Amino acid sequence: MENRVLSGMRPTGQLHLGHYHGVLKNWMELQNKYDSYFFVADWHAFTTHYSDKIDLKTNVADMVIDWLAVGINPNTSTIFVQSKVPEHAELHLLLSMTTPLSWLERVPSYKDQQEKLKTKDLGTYGFLGYPLLQSADILMYKAGLVPVGEDQVAHIELTREVARRFNYVYGREADFEKKAEASISKIGKKQAKSYRSLRKAYQETGDTEALAKAQALLKEQQNITLTDRERLLGYIEGLGKIILPEPESLLTKASKMPGLDGQKMSKSYGNTISLRDSEEQVEAKIRRMPTDPARIKLTDAGDPNKCPVWQLHEVYSDEQTCDWVKDGCTHAKMGCVECKQPVINSIQVELLPIQEGIAKYQSDPKLISQIIHEGSEKARSVAQETMTEVREAMGIIY
Ligand code: TRP
Ligand code: SF4
């Protein structure tokens, strides 16, 4: 499904401006262009937080509320919760059978996170397997595109390998060639002829344009079954049936959202502004921000490039305000308190409608349950179809 997008988020704490600028604004654009699936990855939370008593009930509802409040539209996107679609666990288990340990051990986040989160014992089976759980999340919906940040690209790469291997091992039916030939006869003479010549071109010369054309040709066939289509897709490349198509990652531009200390905004650095912070909290947090250390007194000139407040001006302020900052700072014409004020205002203004949305949805918990329920049911029906195919391919049909 080239036009299906899927992405997930772990419910490990409050959403902040980094999530908003780095992820959610991107989802908002995608939901207007693609068949979008967004889910709360609650099982994923246990892969790193298995012994922390995080309040999942609250976090899951709050996460969905925040998504809705910023503008994720439940009428066009499918919003669901991973654990409400237990098929994810089944697919994870079945994929684990064909996935070599070494593939998981060499995923960069495996060692990185173990280094970073030294206080936790991440030598668990679940933590090693979490990128495979993510693969199951993606392959379940046959998502063509997965919006991710740089740090997750390796997981999509793994997903592609996992899918390829699964298709290779279980997609080759007995008599595959014969069956594929029978499927070709169902697409009409003229189409069959072009399919054959494109397939030949691809197999003989590796012509990727021919591959794309043959794939497009199959996409247009309305009258063939899913099985025929999968068979013919695989047959172009000389593979078996493509039961689980390989996704592409859709790299999200690295979020420019700086935190209160100039590093990237992230919960683990403790430098966030939450989407739910009150006006007073926003003001207090910005007031406490460090500035150019060379500016001790008002009469000391500063350099915006050495100041984390300036990075926020770059996100929030227009050109005129930025010029005012540069001039006032480098010529020691204004104090840092004054300089911070426009940033405080802009963030407060940005959060205002979001927080109104949050309040509205918080006052209607039934609506939230209903949105989660309906989205999860819809996701589940897709998941059940995929699992039927997977079980059939593996011969789990008794
Ligand atoms: N692993 C992702 C993260 O930590 C969350 C996630 C789980 C995800 N399953 C996914 C993202 C599937 C994209 C697709 O941010
Ligand atoms: Fe930073 Fe503004 Fe102070 Fe300059 S005037 S050091 S940019 S807060």
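Residues numbered from 1 in each chain as written. Chains lettered and ligands numbered in written order. Predicted model: local features only at pLDDT ≥ 70, side-chain atom pairs only at ≥ 80, totals over all residues. Heavy atoms only, no water.

Undergrad: Please explain the pattern of salt bridges as it appears in this structure.
TA: Evaluation of the coordinates by the stated rule reveals 18 salt bridges. Of the charged contacts, one joins Lys297 and Asp300 as a salt bridge, the two residues approaching to 3.7 Å between their closest N and O atoms. Residue class for Lys297 comes out exposed when judged on its relative accessible area of 51%. (Salt bridge = Lys/Arg side-chain N within 4 Å of Asp/Glu carboxyl O. Buried < 20%, exposed > 50% of the residue type's maximum accessible area, 1.4 Å probe, protein only.)

Undergrad: Can you help me understand the site of ligand 1 in this one?
TA: Of all residues adjacent to ligand 1, which total 13 residues, the nearest are Arg10, Phe39, Gln134, Asp137 and Gln152. Contact distances for ligand 1 include 3.1 Å between an oxygen atom and a side-chain N or O atom of Arg10. Take Asp137: an N or O atom from its side chain is 2.7 Å from a nitrogen atom of ligand 1. Contact with the protein chains covers 87% of the free accessible surface of ligand 1, which is 360 Å². Those elements giving two or more residues to the shell around ligand 1 turn out to be β1 (4-9) and α7 (125-140). Counting residues per element, the shell around ligand 1 draws most heavily on α7, at four residues. (Near = heavy atom within 4 Å. Polar contact = N/O pair within 3.5 Å; in protein donor to acceptor, adjacent residues only side chain to side chain. Areas by Shrake-Rupley, 256 points an atom, 1.4 Å probe, with all protein chains shown as cover. Helix = DSSP H or I, 4+ residues; strand = E, 2+ residues; numbered from the N terminus.)

Undergrad: Any chance you could explain the nonpolar core here in plain terms?
TA: Nonpolar side chains in soluble globular proteins tend to be buried together. Ranked by internal contacts, the top residues of the largest apolar core, which has 52 residues, are Leu17, Trp67, Ile273, Ile286 and Ile347. The element contributing the most residues to this core is helix α3 (residues 56-70), with nine residues. For this core, the two domains that each supply at least three residues are domain 1 (4-170 + 247-255 + 365-394) and domain 3 (277-362). Every residue in contact with Leu17, bar those within four places of it in the chain, is listed here: Gly22, Met257, Met265, Ile273, Leu275, Tyr316, Ile347, Glu350 and Leu351. (Core = buried A, V, L, I, M, F, W, Y, C linked by side-chain atoms within 4.5 Å. Domains from an automatic or database assignment. Contact = heavy atoms within 4.5 Å.)

Undergrad: Quick question: what am I supposed to make of the packing of aromatic side chains here?
TA: Two measures describe an aromatic ring pair: the distance that separates the ring centres and the angle between the ring planes. Taken as a whole, this structure holds ten aromatic pairs when the rule is applied. With 5.1 Å between their ring centres and 75° between their planes, Trp27 and Trp67 make a pair best called edge-to-face. Residue Trp27 is found in helix α1 (residues 17-33), and its partner Trp67 is found in helix α3; the two are separated by 40 residues along the sequence. Judged on exposure class, the residue Trp27 and its partner Trp67 are both buried. Counting every residue linked through ring pairs, the aromatic cluster contains Tyr37, Phe39, Phe80 and Tyr141. It is Arg10 that lies over the ring of Tyr130; its NZ or CZ is 4.8 Å from the centre. (Phe/Tyr/Trp six-rings, centres within 6.5 Å; stacked < 30°, edge-to-face > 60°. Lys NZ or Arg CZ within 6 Å of the ring centre and 35° of its normal.)

Undergrad: Looking at this model, I keep getting lost on unusual backbone geometry. Mind explaining?
TA: Glycine aside, residues mostly have negative phi, and peptide bonds are mostly found in the trans state. A positive phi angle is found at Lys142, which is not glycine, with a value near 50°. Residue position: Lys142 is located in the loop between α7 and β4 (145-148). You can call Lys142 buried: its relative accessible area is 9%. Located in the positive-phi region is Ala332, a residue other than glycine, with phi close to 50°. Following the sequence through the fold, Ala332 ends up in the loop between α15 (319-330) and α16 (336-362).

Undergrad: Got a minute to help me understand the packing of helix α4 (residues 87-96) against α7 in this structure?
TA: Each pair of packed helices can be described by the angle between their axes along with the distance between the axes. Where α4 contacts α7, the two axes come as close as 9 Å, and the packing angle between them is 120°. Handedness of the crossing formed by α4 with α7: right-handed. Facing Glu87, His88, Leu91, His92, Leu95 and Ser96 of α4, the residues of α7 in contact are Gly129, Leu132, Leu133, Ala136, Asp137, Leu139 and Met140. (Axes fitted to C-alpha atoms, helices over the stretch in contact; angles between N-to-C directions. Left-handed = near helix turned anticlockwise from the far one by under 90°.)

Undergrad: When you look at the domain arrangement of the protein in this model, what are you seeing that I'm missing?
TA: One can read the domain layout of the protein as domain 1 (4-170 + 247-255 + 365-394), domain 2 (176-237) and domain 3 (277-362). The C-alpha-based centres of domain 2 and domain 3 are spaced at 58 Å.

Undergrad: Just to check I follow, could you spell out the site of ligand 2 for this structure?
TA: Lining the immediate environment of ligand 2, one finds Thr291, Asp292, Arg295, Cys307, Val309, Val325, Cys329, Cys336 and Cys339. Class assignment of the residues belonging to the shell around ligand 2 gives a composition of six nonpolar, one polar and two charged. (Nonpolar A, V, L, I, M, F, W, Y, C, P; charged D, E, K, R; others polar.)

Undergrad: Which parts of the structure should I look at to understand a nonpolar patch on the surface?
TA: On the surface, a cluster of nonpolar side chains totalling about 250 Å² of accessible area is made up of Tyr168, Val169 and Leu239. On the accessibility criterion, Leu239 (30% relative accessible area) is partly exposed. (Patch = residues over 30% accessible without salt bridge, like charges linked within 9 Å, V, L, I, M, F, W, Y side chains within 5 Å.)

Undergrad: Got a minute to help me understand α1 in this structure?
TA: Helical geometry: 3.6 residues make up each α-helical turn, so side chains three or four residues apart lie on a common side. If you check α1, its first and last C-alpha atoms are 24 Å apart, about what 17 residues at 1.5 Å a residue would give, namely 24 Å. Of all the bends in α1, the greatest, near 35°, is centred on Val23. (Expected span 1.5 Å × (residues − 1). Bend = angle between axes of the 7 residues up to and from the residue.)

Undergrad: What is the right way to look at the environment of His88 in this model?
TA: Of note, His88 is situated in helix α4. Considering only alpha carbons, one finds His88 and Leu139, 51 residues apart in sequence, at a separation of 9.5 Å. Ignoring any residue separated from it by four or fewer positions in sequence, one finds His88 in contact with Trp43, Phe80, Gln82, Leu133, Ala136, Asp137, Met140 and Tyr141.

Undergrad: Would you mind going over the packing of helix α14 (residues 308-316) against α16 with me for this structure?
TA: Here α14 crosses α16 at 50°, and the two axes come no closer than 10 Å. In terms of orientation, α14 lies oblique with respect to α16. Between α14 and α16 the crossing geometry is left-handed. Residues Val309, Leu312, His313 and Tyr316 of α14 touch α16, and the partners they reach there are Cys339, Lys340, Pro342, Val343, Ser346, Ile347 and Glu350. For the contact of α14 with α16, the class distribution of residues is seven nonpolar, two polar and two charged. (Parallel < 35°, antiparallel > 145°, perpendicular 65-115°, else oblique.)

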